[in-house]
Amino acid sequence: MDFFAGSRLRIFLRYVGRVMRRSCSPVVIVLALAIFGISGCATTTEVGQANFDTTAPTVFIAGSSRGLGLEFARQYAARGWNVIATARRPEASEGLQALVTEHPNVVLDIMDVTKQADVERVAARFSGQPIDVLINSAGIWGDLQAQTFGTLDYDAYQWIYEVNALGPLRVTEALIENVKASEQKKVITLGGGMGTRRTVEQAPGGHYWYRMSRAANLISMAIVQRENKKQGIIIGIISPGKVDTRMLADSGWPAHFKKLSAKDSAGYVIEQIAQLTPEKGGELINYDGNVIGW
Ligand SMILES: NC(=O)c1ccc[n+]([C@@H]2O[C@H](COP(=O)([O-])OP(=O)(O)OC[C@H]3O[C@@H](n4cnc5c(N)ncnc54)[C@H](OP(=O)(O)O)[C@@H]3O)[C@@H](O)[C@H]2O)c1
């Protein structure tokens, strides 16, 4: 087949595929079946550059460039979910770039959780798209010296609070209608253990800014849960354990101490998300399923 004939065939096939996805028109299907022997009607719809399966659930991840966020994107994509993976610089994440090449049901977008304009633009782009699981995975630990009593840097707190406390609230507020429109209606925040009264007794001191930001995150998510319970929203606050990511290294966790791989932890958290029931909404749940009082 010469080049031009090959190109024309490719363009025609692409056109047939697009029309089938959009309309599932019987005429087009019969035509396609007759000409190419294609069976069945694709149940996909175009979302940005991705082909979302309208019969599959959808996950939205804030902060998916690396660590746990990237693992969630990988594992949900492998399970056949539609994945909206957002990051400050998705183009710089090799993991995300590989994922979007491998999976037609993954779409990437730029979103800094501290930027209202980013969040609003993304919410507008995906307006009307049901989101079954919204995962707030963006987070930072921050400089240790700046959050040690005696050398507290009060300006440093602002940024940590913006990312860890305001970020999940901002993203959740912007996308709550998408979550309400879904079947599962789950909003997940990662971590929280360091923001509890318990850890004041159990953990050594320090880490003021991270712990204060997580305490604020806990209380804000509990309020969101209270306000949206009647609409079926379930807020899952899930502690992923000590996970081998940049954040754990930033926290000063000794390299030889026990930790989970991001792959294993994400798998456990996904299991907890699957088992979330309204009764667990607003509770802090460990990755192994235990509820942690706060
Ligand atoms: N690792 C643990 O042991 C542990 C324990 C408890 C809770 N957590 C929580 O788990 C979540 C994921 O952390 P991780 O362990 O996977 O850490 P990580 O590997 O350091 O990943 C942090 C992620 O957050 C993103 N991020 C940071 N600031 C952002 C912003 N302003 N807007 C959007 N994204 C932003 C980073 O993106 P960039 O590439 O753009 O920086 C990165 O993708 C965090 O919320 C953390 O608090 C982790």
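Nothing here was measured: the structure is a model prediction, and the numbers come from that model. (Residues numbered from 1 in each chain as written. Predicted model: local features only at pLDDT ≥ 70, side-chain atom pairs only at ≥ 80, totals over all residues.)

Asker: Even after reading the chapter, I still don't get the overall build of the chain, so can you show me in this structure?
Answerer: Along the chain, the regular secondary structure elements total ten helices and ten strands. Here the analysis covers contacts within the chain between residues at least 6 apart in sequence; of these, 66% occur between residues at least 24 apart. (Helix = DSSP H or I, 4+ residues; strand = E, 2+ residues; numbered from the N terminus. Contact = placed C-beta atoms within 7 Å.)

Asker: How should the confidence of the model for the chain be read in this particular structure?
Answerer: Considering every residue of the chain, the mean pLDDT works out to 87; 84% of them sit at 70 or more. This model gives residues 1-42 a pLDDT under 50, and the stretch forms 22 contacts once residues within four places in sequence are excluded. (pLDDT = per-residue confidence, 0-100.)

Asker: Please explain the site of the ligand as it appears in this structure.
Answerer: In the vicinity of the ligand there are 27 residues, among which Gly67, Ala138, Gly139, Gly191 and Met247 approach most closely. Sorting the residues of the shell around the ligand by element identifies helix H3 (67-78) and helix H9 (246-250) as the ones contributing at least two each. Of the residues contributing to the shell around the ligand, the split by class is eleven nonpolar, ten polar and six charged. (Near = placed C-beta within 6 Å. Nonpolar A, V, L, I, M, F, W, Y, C, P; charged D, E, K, R; others polar.)

Asker: Is there a simple way to explain unusual backbone geometry in this structure?
Answerer: Trans peptide bonds make up most of the peptide bonds, and negative phi angles are found at most residues other than glycine. The phi angle at Lys185 is positive, at roughly 55°, despite the residue not being glycine. Tracing the backbone through its elements, the reader meets Lys185 in the loop between helix H6 (154-180) and strand S7 (186-190). You can call Lys185 buried: it has 24 C-beta atoms within 10 Å. At His207, a position not held by glycine, the phi torsion is positive, near 55°. (Buried ≥ 20, exposed ≤ 12 C-beta atoms within 10 Å, placed from the backbone.)

Asker: Explain the sheet that holds S7 here, please?
Answerer: In a beta sheet, neighbouring strands are held together by backbone hydrogen bonds and run either parallel or antiparallel to one another. If you walk across this open sheet you meet the eight strands as S5-S4-S3-S6-S7-S8-S9-S10, and the pairing is mixed. Each edge of the open sheet is held by one strand with a lone partner, namely strand S5 (106-110) and strand S10 (291-292). Where strand S6 (residues 133-136) meets S7, four bridges bridge the pair, whose relative direction is parallel. Within S7, the position partnered with Val133 by the bridge is Lys186. Sitting on the sheet, helix H4 (residues 94-102) touches strand S4 (82-87) and S5, and the angle it makes with S5 is about 145°. (Pairing = 2+ DSSP bridges. Axes fitted to C-alpha atoms, helices over the stretch in contact; angles between N-to-C directions.)

Asker: Please clarify how the packing of H3 against helix H10 (residues 262-274) should be interpreted in this entry.
Answerer: Helix-helix packing: each pair is described by the crossing angle between the helix axes and the interaxial distance. At a minimum axis separation of 9 Å, H3 and H10 run at an interaxial angle of 65°. You can see that H3 and H10 cross each other, and the crossing is right-handed. Contacts between H3 and H10 involve Gly67, Leu68, Glu71, Phe72 and Gln75 from the former and Ala262, Lys263, Ser265, Ala266, Gly267 and Ile270 from the latter. When the residues that make up the contact of H3 with H10 are grouped by side-chain class, the tally is five nonpolar, four polar and two charged. (Left-handed = near helix turned anticlockwise from the far one by under 90°.)

Asker: I would appreciate a short explanation of H6 in the present structure.
Answerer: Each turn of an α-helix holds 3.6 residues, which means side chains three or four residues apart point in the same direction. End to end, H6 covers 38 Å across 27 residues, agreeing with the expected 39 Å (1.5 Å per residue, within 8%). The largest bend along H6 measures about 50° and falls at Ala174. (Expected span 1.5 Å × (residues − 1). Bend = angle between axes of the 7 residues up to and from the residue.)

Asker: Quick question: what am I supposed to make of the environment of Ala262 here?
Answerer: Structurally, the position occupied by Ala262 is in helix H10. For the pair Ala262 and Glu71, spaced 191 residues apart in the sequence, the C-alpha separation amounts to 6.6 Å. Leaving out residues up to four positions away in the same chain, Ala262 has contacts with Gly67, Leu68, Glu71, Val243, Asp244 and Thr245.

Asker: I tried to follow the environment of Val106 on my own but got confused; where do I start?
Answerer: In this structure, Val106 sits in strand S5. Sequence-wise, Val106 and Asn51 are 55 residues apart; in three dimensions their C-alpha atoms are separated by 7.8 Å. Setting aside residues no more than four positions away along its own chain, Val106 makes contact with Ala50, Ala73, Ala77, Val83, Ala85, Leu99 and Val100.

Asker: Is there a simple way to explain H3 in this structure?
Answerer: Compared with an ideal rise of 1.5 Å per residue, which puts twelve residues at 16 Å, H3 spans 17 Å between its outermost C-alpha atoms and is within 8% of the ideal. Among the twelve residues in H3, ten count as buried, and that is most of the element. Buried residues of H3: Gly67, Leu68, Gly69, Leu70, Glu71, Phe72, Ala73, Arg74, Tyr76 and Ala77, and no others. Looking one or two residues past H3, Gly80 carries a phi angle of roughly 90°, positive in sign.

Asker: Looking at this structure, I do not really get the nonpolar core. What am I missing?
Answerer: Across soluble globular proteins, nonpolar side chains show a tendency to be buried alongside one another. By size, the foremost hydrophobic cluster in this structure holds 63 residues, and its most contacted members are Val59, Ala73, Val83, Ala85 and Leu134. With seven residues, the single largest contributor to this core is H6. When residues no more than four places from it in sequence are discounted, the contact partners of Ala73 are Ile61, Ser64, Val83, Ala85, Leu96, Leu99 and Val106. (Core = buried A, V, L, I, M, F, W, Y, C linked by C-beta atoms within 7 Å.)

Asker: Sorry if this is basic, but what is going on with the pairing of S5 here?
Answerer: Regular strands have side chains that alternate between both faces of the sheet. Sheet topology note: the S4/S5 ladder contains five bridges and is parallel. Considered in S5, the bridge of Ala87 is made with Ile110. Regarding the hand of the β-α-β motif, the stretch spanning S4, H4 and S5 is right-handed. (Right-handed = clockwise from strand over helix to strand, strands pointing away.)

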